[in-house]
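# Coordinate inspection notes
Letter by letter, the chains look like this.
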Amino acid sequence: MGRAFEFRKARKMKRWAAMAKTFTRIGKDIVMAVKEGGPNPETNSRLRVVIQNAKAANMPKDNIARAIKKASDKNTENYKEVLFEGYAPHGVAVLVETATNNNNRTVANVRAAFNKCNGNLGTSGSVAFMFDHTVNFRINEASVTGDLEEFELEMIEFEVEEVFKDEDGIVLYAPFGQFGAIQKYLEENNYEILSSEFERIPTTTTKLTAEQQEEVEKLLDKLEEDDDVNTVYHSMEL
């Protein structure tokens with residue numbers, strides 16, 4: 001198995017762990033998707049993706065429908081995606097993806113978390129280059145008629161870097177810029193997309209002692225507690 005598989009396995013227990021936070025994140029994603037392309041998933045590919053992810057997270061249909069209706073209200077405030085970069089203790093690179101309707105609040109909270117946990121908030125571009133920005137799709141294994149190698153060959157033209165099977169289906173990883181082309185191809189060829197997401201995989205990792213890991217985890221936990229924070233990525237070896 002390759003780097004993406006190992007990264008996904010290491011993060012699996014952390015991702016989607018808090019159901020309430022997951023639903024909050026999806027609600028924000030719905031607002032941004034509807035504001036960008038309208039409330040009809042048939043004509044809004046971004047909204048289709050969010051709905052797929054909501055179903056994968058077991059979000060009730062009624063909740064999804066209410067979120068779309070609320071997002072369609074012109075008085076509903078939109079969210080802005082903002083990326084923060086910095087270092088945790090012991091030189092561990094950290095990327096923080098946020099979705100906020102109050103940038104001043106989010107900046108203050110993220111900066112405070114870094115300061116309180118002996119980290120350093122950096123400037124734009126200071127650590128992002130240490131991570132590969134990727135997209136992954138999880139598809140229903142039953143919709144793949146051939147074997148996994150044949151499917152992987154089929155996806156080569158989309159620069160797919162890794163394809164593997166886990167208990168949730170078949171997962172493929174590709175560069176961030178290939179998202180739209182892959183989504184279109186999978187839909188047009190009747191591959192059932194169960195979920196998709198963007199991830200940032202560290203190109204190199206830093207090995208720490210158990211005590212040092214605890215120091216880094218304090219910062220990561222502090223950041224993840226913030227309601228404006230969607231995902232926290234880091235270069236600590238797990």
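Each remark here, short or long, concerns the structure printed above.
We now turn to the structure provided with this report. (Residues numbered from 1 in each chain as written. Predicted model: local features only at pLDDT ≥ 70, side-chain atom pairs only at ≥ 80, totals over all residues. Heavy atoms only, no water.)

### Re the sheet that holds strand β5 (residues 162-166)
- Spatially, the four strands line up as an open sheet ordered β5-β6-β4-β7, and their pairing is antiparallel. Each edge of the open sheet carries a strand with a single partner, namely β5 and β7 (193-202). Sheet twist, expressed as the average angle between the axes of neighbouring strands with direction ignored, equals 25 degrees.
- Note: β5 against strand β6 (residues 169-175), five bridges, orientation antiparallel. (Pairing = 2+ DSSP bridges. Helix = DSSP H or I, 4+ residues; strand = E, 2+ residues; numbered from the N terminus. Axes fitted to C-alpha atoms, helices over the stretch in contact; angles between N-to-C directions.)

### Topic: helix α5 (residues 103-116)
- A rise of 1.5 Å per residue sets the reference length of α5, with its 14 residues, at 20 Å; its end C-alpha atoms lie 20 Å apart and thus fit the reference within 8%.
- All of the buried residues in α5 are T106, V110, A113 and F114. Viewed end-on, α5 has its buried residues packed into an arc of 95 degrees, placing them on one side of the element. Summarising the geometry of α5, the exposed residues directed more than 90 degrees from the buried face are N104, N115 and K116.
- In the core, the buried residues of α5 are packed alongside β1 (80-87), β2 (93-100), β3 (120-121) and α8 (210-225).
- Looking at the residues trailing α5, positive phi occurs at N118, about 60 degrees. (Expected span 1.5 Å × (residues − 1). Buried < 20%, exposed > 50% of the residue type's maximum accessible area, 1.4 Å probe, protein only. Arc of directions from axis to C-beta. Contact = heavy atoms within 4.5 Å.)

### Structural notes on the sheet that holds strand β8 (residues 229-234)
- Strand order across the open sheet formed by four strands is β3-β1-β2-β8, with antiparallel pairing between neighbours. Two strands lie at the open edges of the sheet, namely β3 and β8, each paired on one side alone.

### Considering the packing of aromatic side chains
- Enumeration over the complete set of coordinates arrives at six aromatic pairs.
- An angle of 65 degrees between the planes, with centres 5.2 Å apart, marks the rings of F151 and Y191 as edge-to-face. One end of the pair, F151, is in helix α6 (residues 148-154); the other, Y191, is in the loop between α7 (179-188) and β7, and 40 residues separate them in sequence. Y191 matches F151 in its accessibility class, with the two residues each being buried.
- Relative to Y173, the ring of F164 lies with its centre 6.2 Å away and its plane at 20 degrees, an arrangement referred to as stacked. (Phe/Tyr/Trp six-rings, centres within 6.5 Å; stacked < 30°, edge-to-face > 60°.)

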